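# Architecture and fold: a report
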Amino acid sequence: MATQNSAVLARTGDNPFLRTVAALSTLAGWCAAAMIVISVGITCQMIFVRFVLNGSTYWQTEAVTYLVIAATLVGLPYVQRLRGHVNVDLIPLALRPRARFILSMLTSALSISIVAVMLWFGYEYWHFAWDRGWRSDTIWAVPLWIPYLALPLGFGLLLLQLIADAYAVLTGIDKPFSLE
Amino acid sequence: MDPLLLGGIVAIATILVLFSGVSVAMGLMIVSAAFLILFDGFGSLELMPEIFFGKLDNFALLAIPMFIIMGAAIASTRAGADLYEALERWLTRVPGGLVISNLGACALFSAMSGSSPATCAAIGKMGIPEMRKRGYPDGISAGSIAAGGTLGILIPPSVTMIVYGIATETSIGRLFLAGVIPGLLLVSLFMAWSLYATLRSGNMAVLSTRRYSWSEKIEVLPRVLPFIAIIIGVLYAMYGGVATPSETAAVGALLCLLIAMVIYKLWSPVAIWDVLRDSTKESVMILFIIAAAGVFSYMLSSLFITQSIAEWISALDVNRWVLLAAVNVFLLVAGFFLPPVAVILMAAPILLPVITAAGFDPIWFAVILTINMEIGLISPPVGLNLYVINGIAPDISLRTILVGSLPFVACMVIAILLLCLFPGLATWLPDLVMGPAI
């Protein structure tokens, strides 16, 4: 069944590592929500400037685009913690607990590897932009390392949350796939 | 390796990975990375973050969180209950007014909130007990709400349509308009079936409704009109060419939040955070799938799978309606298992060239695709809406809900057939308002 377990949170028990990661992810979630709210504000400001003041707007569209990207990337760990990334758990539901546990370890290992790859190459991409002083080819000419920073940051935090999730299943604090 | 065979292997791998409980977005990235490593070496993964970022680097995507905030703000209030009450009070003279007003409330609320499960919960919580109290059969009470809740992805403003528009680079304005008449058609079919089934159950008494005085009718309006006015305003601004969908949606989001705060007294920081948290969660989830699907379609085209499938299908030289039927079956099956957004993002880049080459209109196809996705929402094994109804009316068995929903699935199939016979149902309104498509 495709689920977005709205009621389920990643369980932390009283494990200090899990609690720290949960706190970090929650903080990231607040930042993501704040960035979305700021993009509402900037877009409304842009419309006001353009239609009411008849002024020109050159930075708003770009700023809002980068804010939404950053909100997405930085929001990833928080949504992972809320179990909000929609999934289809047909196979896990059909498995016995032992097999389900093994499958959950396998999918965790794959997720952790792919996110680690994204973190590594995301960091490299950001570093290129930083080293070579890349700027966006618009009038605003934003130094691109600023928006690109969201890549290593988001994937880094997501990696932490995924490791914490796998650890919680390994130690029995959380159930595989958060299924009862 | 033959790209077609490779395509088959990718498809099977994708299905296995997606069913393994890993999140849809993560699954798409895992499959993409695996095949890229296999055929182009580990170094080819270097491009993944750039593609991921590039897919999100699009101002049009702002429309997604904005429409989601609008919906979440509306869904957090009593607006659903008010809407339900308003329609019930205003539709008393219509025979079978209760089930009709329930379906109407579902259509309006699901369009406003953009969320199927939220609609089922908001309208169903009031509507289902009321219908059962008045003697409507359980299957009709539950089925009508489950089906009514699916209308939101078709009737504008619809996040599903926005995602389709972005994935296929078609006009979101046109897509929204294209959903209007088919949406009304579906509501009418749903209403007709509900009335017929209620009459057939032999319980005529349930069709009579309570009378309401004019003051009772007027009293509910101030609580429902503002949200409806905003939605209409947003759509009007979009079609007036005043601003892009993203821009008007941002204003709409701000206004919906303000109305929720002023009219529905949503003052407490906790309540506001709930709205923001839910919309952030939903937006991030969808945007993550969009970016991951971008990586996935990069993998497909860099291994020449997309191109080969398109060539293969055109070489088959099948009748276009046979092709469409096959595409429909594919979408239907995909929709049984996967959420609409994921199906659209994975299927659109592959199917759209095939569909347009066969002479079908991409805007019309969006409507067909969306109705297929609606069927998935009320069919097993996923059928999100069925479980929501089961949650709010636990004493109606899942089986009854399912059986009650089946006739509504039939209504949707009829709507698809009607749309095939009369494509104008979808394309007439966008052509009228925005000029003929080029």
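Now for a description of the structure that goes with this document. Everything numeric here is computed off the predicted structure, so don't read it as measured data.

A separate point is unusual backbone geometry. Residues Pro 156 of chain B and Pro 157 of chain B are joined by a peptide bond in cis, for which omega reads -10°. Tracing the sequence through the fold places Pro 157 of chain B in the loop between α8 (138-149) and α9 (159-168). One non-glycine residue, Ala 141 of chain A, adopts positive backbone phi at about 50°.

Attention shifts here to the interface of chain B and chain A. Much of the literature gives interface size as the accessible area that the parts lose upon coming together. The partner chain A presents 60 residues to the 52 residues of chain B that form the contact. Together chain B and chain A conceal approximately 4900 Å² of surface at their shared face, both sides included; 82% is due to carbon and sulfur atoms. For the chain B face of the interface with chain A, the top three residues by lost area are Phe 53, Phe 59 and Lys 281 of chain B, together amounting to 14%. There are one salt bridge connecting chain B and chain A. When the shortest N-O distance is used, the salt bridge between Glu 247 of chain B and Arg 50 of chain A registers 3.1 Å. Counting across the chain B and chain A interface gives five residue pairs in polar contact (both at pLDDT 80 or more). Of all the secondary-structure elements, those providing two or more residues to the side of chain B that touches chain A are α1 (3-19), α2 (24-40), α3 (48-56), α4 (63-75), α13 (245-262), α14 (269-302) and α19 (384-392) of chain B. Top element by residues in the side of chain B that touches chain A is α14 of chain B. It accounts for eleven residues. Partitioning the side of chain B that touches chain A into residue classes produces 39 nonpolar, seven polar and six charged.

All names here are of chain A. Together, Phe 17, Leu 24, Leu 27, Trp 30, Leu 160, Ile 163 and Tyr 167 line one region of the surface with nonpolar side chains, adding up to about 590 Å² of accessible area. At the level of elements, α1 (16-52) and α6 (150-170) are the ones that each hand at least two residues to the nonpolar patch. With four residues, the top contributor of residues to the nonpolar patch is α1. Mapped onto the elements of the fold, Leu 24 is located in helix α1. Residue classification places Leu 24 among the partly exposed residues on the basis of a relative accessible area of 35%.

Moving on to helix α5 (residues 79-90) of chain B. Helical periodicity: at 3.6 residues per turn, an α-helix aligns residues three or four positions apart in one direction. All names here are of chain B. With twelve residues, α5 should reach 16 Å at 1.5 Å per residue; the first-to-last C-alpha distance of 16 Å fits that figure. Taking burial as the measure, the twelve residues of α5 include ten buried ones, the bulk of the element. Where α5 is concerned, the buried positions are Ala 79, Gly 80, Ala 81, Asp 82, Leu 83, Tyr 84, Ala 86, Leu 87, Glu 88 and Arg 89. Contacts made by the buried residues of α5 are with α4, α6 (97-113), α7 (116-133), α11 (214-219) and α12 (221-239).

So, how was this worked out
- Residues numbered from 1 in each chain as written.
- Chains lettered and ligands numbered in written order.
- Predicted model: local features only at pLDDT ≥ 70, side-chain atom pairs only at ≥ 80, totals over all residues.
- Heavy atoms only, no water.
- Helix = DSSP H or I, 4+ residues; strand = E, 2+ residues; numbered from the N terminus.
- Contact = heavy atoms within 4.5 Å.
- Buried area = accessible area lost by both parts, 1.4 Å probe.
- Salt bridge = Lys/Arg side-chain N within 4 Å of Asp/Glu carboxyl O.
- Polar contact = N/O pair within 3.5 Å; in protein donor to acceptor, adjacent residues only side chain to side chain.
- Nonpolar A, V, L, I, M, F, W, Y, C, P; charged D, E, K, R; others polar.
- Patch = residues over 30% accessible without salt bridge, like charges linked within 9 Å, V, L, I, M, F, W, Y side chains within 5 Å.
- Areas by Shrake-Rupley, 256 points an atom, 1.4 Å probe, with all protein chains shown as cover.
- Buried < 20%, exposed > 50% of the residue type's maximum accessible area, 1.4 Å probe, protein only.
- Expected span 1.5 Å × (residues − 1).

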